[in-house]
Amino acid sequence: MTVPADRVLKGREGRWSSLLTFPPLVGVGVVTLCELYCLLGALFDDRINGVSVPTVRRFLATEYRGEVLRASLVLVSGAVLAGLALGSVAGVGLALHRHFRGVERPQATRRTVELLLLIGMLQLWLWGDDMALRPALYEASFYARGGWRAGLQHLVADQLGRGGVATLALAGLGFAVLWPLRNQWRAAWQRARLSLAFGALLVLSWLGVVGISELSLGSRPRGSREHPNVLIIAADSLRPDRLDPVHAPQLTALTAKSAAFQGAVTPLARTFPSWVSLLTGRLPVHHGIRHMFPRWETRQRDFDTLPQRLGRAGYATSVVSDFAGDIFRRIELGFEHVVAPTFTMRELVRENLIERSMPLLPWLRGSWVRRAWPVLPELHQATDSEDVTDRALAEIDAQDGRPFFVTVFYSTPHFPYAAPGPDHRRFSDPGYRGRFRYSKSDTLTGDQGLTHADIKQIRDLYDGAVYSMDRAAGRLLAGLKRRGLDDHTIVVVTADHGECLYEHGREQGHGDHLYGNEAQRVPFVLHDPRVARAAQPVRYSGPVSTVDLAPTLAELVGVPLATDLDGRSLVPLLQGKSQGFDARYVYAETGLWFTETIPEVAVDKRIAYPDLVSLTQVDRVHDDQIVLLREWESTAIAAKHRMVQDERYRLVYLPTRRGALLELYDLEQDRGCTRNIAAASPAVVERLKGVLDGYLHLETAVEVDGERLVPKASRAQPASGAQPASGAQP
């Protein structure tokens, strides 16, 4: 039927006038209501990582009620903005569609239905794209529930991927747009040509600007030539056996032309104390950070770090990280810029609410959103190594001619191994349908009933996470080269600790025991372009410690450090002087046990204490940090397992309530430390015990009782037990 011209004109005027009123309001209403529904559900959920913790729920409901409400309001505001965007896009799209079709404005009911359908399609597109990119973030809401939800996530994340989702969305949108115009194709094409040409011009102009800026960056050398730049590339939980062409091709290529210390050991396989050792050259017994929850008075010490010394020498110092690097905001280590999230009880509240706000999740990504909501990089299920690389390159670009010391710390290989798609499935069995399809759920309850397929899948997730991190690190190295900095920058590849992945009948994790090399060994690769041009790459298999990194870098850049360090410079090895380099013993200790039950360490081989909830408190005075209760500090230090190791043997010290045990392992014959040979090798035990005693007598927070360390009587915890985190105040 032909529509009179005056009615078409009026209809078009009505269509354009409705563009900025009705559609956005509907979009706001739809998305906001969905968001409110999810938020209300989150407020009444007391699960943390799948475990019901009623005491924590009561604590948050009373002590942090205001923070819950504030965070909820922020999320609702985000939902309003998302609703405005969806409503506006949908409204503009429908108005343009009716305009090109030449039809008058339909009735309000039809307009509402059309608008809701289009908003729904757009939101589904966003959901699908985000689910394919960050599948672990949606696992609890879809895959873990089974049935059609699990099938849907499998289809989106494993079968379609982001490309398939985009193809389906564009096909559906194209059909909806073009089918009504099938009889007006020629006219519609004539109207659209100018718009397409203008859009192509904008795209080409943008690409030209980007290309020119990249060329200009690549042609402008940065940094002083007097002192070399230093770039530390580190990844949480990165094992040295994964630096191979299959799992980490980019870092493997760097290793091939670099010095590699293949026997490097971390003194404590937990992130916080390990990094302080890396940057100070001191063991935990000397710098004082003995676990992940140090108190304020401990964190306020002057640690005399390598970044501090370099800063005084004129270096620009920065550290960039995502969730595993939240420790850098909890302690002053001398960095001029810290680009990382933080870890407080308030941040935990915000993080928990965000994870449960599913309608808003697709909108919560991108650099500008992260700047607006700094808690986003703290999400364990949504790590983004590429974003870390972008921020690291931005820090390098901001140095203004000064030599730089930039530390880049990637979290993706850390538990729960939540690599973005498609890397999450790169090494996995496509037929696996167990509970660890997208991540290794972070719980403190231990692993029960794992099958061989489950263990393989967890290892495959870890490998995918390593591959994802490696690609981002490769882009960082390429950016360094493009800027003309690669020939004047010392690059270090390392980790805070390794990771146990069910080898030798043990479980997954790090820091709980000293058996095997999976958690204790770390990569230690050092590429100095000045040395690399003059000699063959060094390969050293003797025992070294990560406390050797700071003195080595200090000597390479010509900046003095303190003389009382536990670490020593490895520069003689870099210069090919291994014959005059005496092999030595390395030392390590365990961290704080988070649970009362440790499968790898029977209760008769340790001094047991309560779980993490009973050991910690919230320091309301100092930024709501979660810290260890003061009365448990001495016990936690006395209960630590300790080890000394030479090139072949490892002696492990295990304090118990009945006395100290010593276990000896031959690492050449028994890498997994499964056979204690102490009784058969008394001479080796005696030799290593003399070294170990020297470390035990360094302790000041405990007392010596015969051959073991015990808590100081004045600091011992009474038998009645400690107050949980929700009860005590510092």
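S.K.: Requested: an account of the packing of aromatic side chains, with residues and values cited.
M.R.: Within this structure, the stated rule accounts for 16 aromatic pairs. Judged by centre distance (5.3 Å) and plane angle (65°), the ring pair of Trp275 and Phe328 falls under edge-to-face. With a gap of 53 residues between them, Trp275 in helix H10 (residues 271-280) and Phe328 in the loop between strand S5 (316-321) and strand S6 (337-339) connect regions that are remote in the sequence. Each member of the pair, Trp275 together with Phe328, is buried. Residues Phe328 and Phe335 carry aromatic rings whose centres are separated by 5.9 Å and whose planes lie at 90° to one another, so their mutual orientation is edge-to-face. For Phe328, a relative accessible area of 3% translates into the label buried. Among the aromatic residues, those joined into a cluster by ring pairs are Trp275, Phe328, Phe335, Phe405 and Phe409. Taking the ring centre of Tyr438 as reference, the NZ or CZ of Arg437 above it sits at 5.8 Å. In this structure, Arg620 is placed above the aromatic ring of Tyr64, and the distance from its NZ or CZ to the ring centre is 4.5 Å.

S.K.: Break down the nonpolar core for me, with residues and values.
M.R.: Of all hydrophobic cores here, the largest spans 134 residues; its most connected members are Phe405, Tyr410 and Leu553. By residue number, the principal contributor to this core is helix H17 (residues 452-482), which donates twelve residues. With residues up to four places along the chain from it excluded, the contact list for Tyr410 reads Ile233, Ala234, Ala235, Asp236, Asp322, Ser385, Val388, Thr389, Met469, Ala472, Ala473 and Leu476.

S.K.: Account for the sheet that holds strand S17 (residues 649-656), with residues named and values stated.
M.R.: Within the open sheet, the four strands sit side by side as S13-S16-S17-S18. Their pairing is antiparallel. Each edge of the open sheet is held by one strand with a lone partner, namely strand S13 (586-589) and strand S18 (659-666). In this sheet, adjacent strand axes meet at a mean angle of 20° when their direction is disregarded. By the bridge criterion, four bridges tie S13 to strand S16 (residues 642-645) in an arrangement that is antiparallel. Directly across from Ala588, in S16, lies its bridge partner Met643.

S.K.: I'd like a description of the packing of helix H16 (residues 385-397) against H17, backed by residues and values.
M.R.: Two numbers describe a pair of packed helices, the interaxial angle and the distance between the axes. Put simply, H16 and H17 touch, their axes get as near as 8 Å, and they point 20° apart. As judged from the angle between their axes, H16 and H17 are roughly parallel. Viewed along their axes, H16 and H17 form a crossing whose handedness is right-handed. Contacts from Ser385, Glu386, Thr389, Asp390, Ala392, Leu393 and Ile396 of H16 reach H17 at Ser468, Met469, Arg471, Ala472, Ala473, Arg475, Leu476, Gly479 and Leu480.

S.K.: Give me the lowdown on the side chain of Thr383, citing residues and values where you can.
M.R.: Tracing the chain through its elements places Thr383 in the loop between helix H15 (367-372) and H16. For Thr383, the residues in contact, after removing those within four places along its chain, are Asp322, Phe323, Ser411, Thr412, Ala418 and Pro420.

S.K.: Any details on unusual backbone geometry? Residues and values, ideally.
M.R.: With omega at 15°, the peptide bond leading from Phe415 into Pro416 counts as cis. Note that Pro416 resides in the loop between strand S7 (404-410) and H17. A cis geometry characterises the amide bond from Gly421 onward to Pro422, with omega recorded as 0°. Tracing the backbone through its elements, the reader meets Pro422 in the loop between S7 and H17. Positioned with a positive phi, Asp623 is a non-glycine residue whose angle comes to about 60°. Note on placement: Asp623 falls in the loop between strand S14 (616-619) and strand S15 (625-628).

Cut-offs and rules
Per chain, the residues get numbers from 1 upward, laid out in the order the sequence is written. Note on the predicted model: pLDDT of at least 70 is required for a residue's local features to be given, and 80 or more for side-chain atom pairs to be given and counted; whole-chain, interface and lining totals, by contrast, use all residues. As a rule here, side-chain values come from all non-hydrogen atoms in the structure, and water together with hydrogens is ignored. The criterion for an aromatic pair is that two Phe, Tyr or Trp rings (for Trp, the six-membered ring) have centres within 6.5 Å, with stacked assigned to planes under 30 degrees apart, edge-to-face to planes over 60 apart and tilted to the rest. Under the scheme used here, helices are H or I runs from DSSP no shorter than 4 residues and strands are E runs no shorter than 2 residues, and both carry numbers assigned from the N terminus. Relative accessibility under 20% of the residue-type maximum defines a buried residue, over 50% an exposed one, and the middle range a partly exposed one, all with a 1.4 Å probe and only protein chains included. The rule is short: NZ of Lys or CZ of Arg within 6 Å of the ring centre and within 35 degrees of the ring normal puts a charge over the ring. The term nonpolar core refers to a set of buried residues drawn from Ala, Val, Leu, Ile, Met, Phe, Trp, Tyr and Cys, joined through side-chain atoms within 4.5 Å. In what follows, residue pairs with any heavy atoms lying within 4.5 Å of each other are defined as contacts. Strands pair, by our definition, only if DSSP identifies at least two bridges between them. Angular values range over 0 to 180 degrees, each being the angle between N-to-C directions of two axes fitted as lines to C-alpha atoms, with helices fitted over their stretch in contact. Reported orientations rely on four angle classes, namely roughly parallel under 35 degrees, roughly antiparallel over 145, roughly perpendicular from 65 to 115, and oblique for the rest. Two helices cross in a left-handed way if the nearer one is turned anticlockwise from the farther one by less than a right angle. They cross in a right-handed way if the turn is clockwise.

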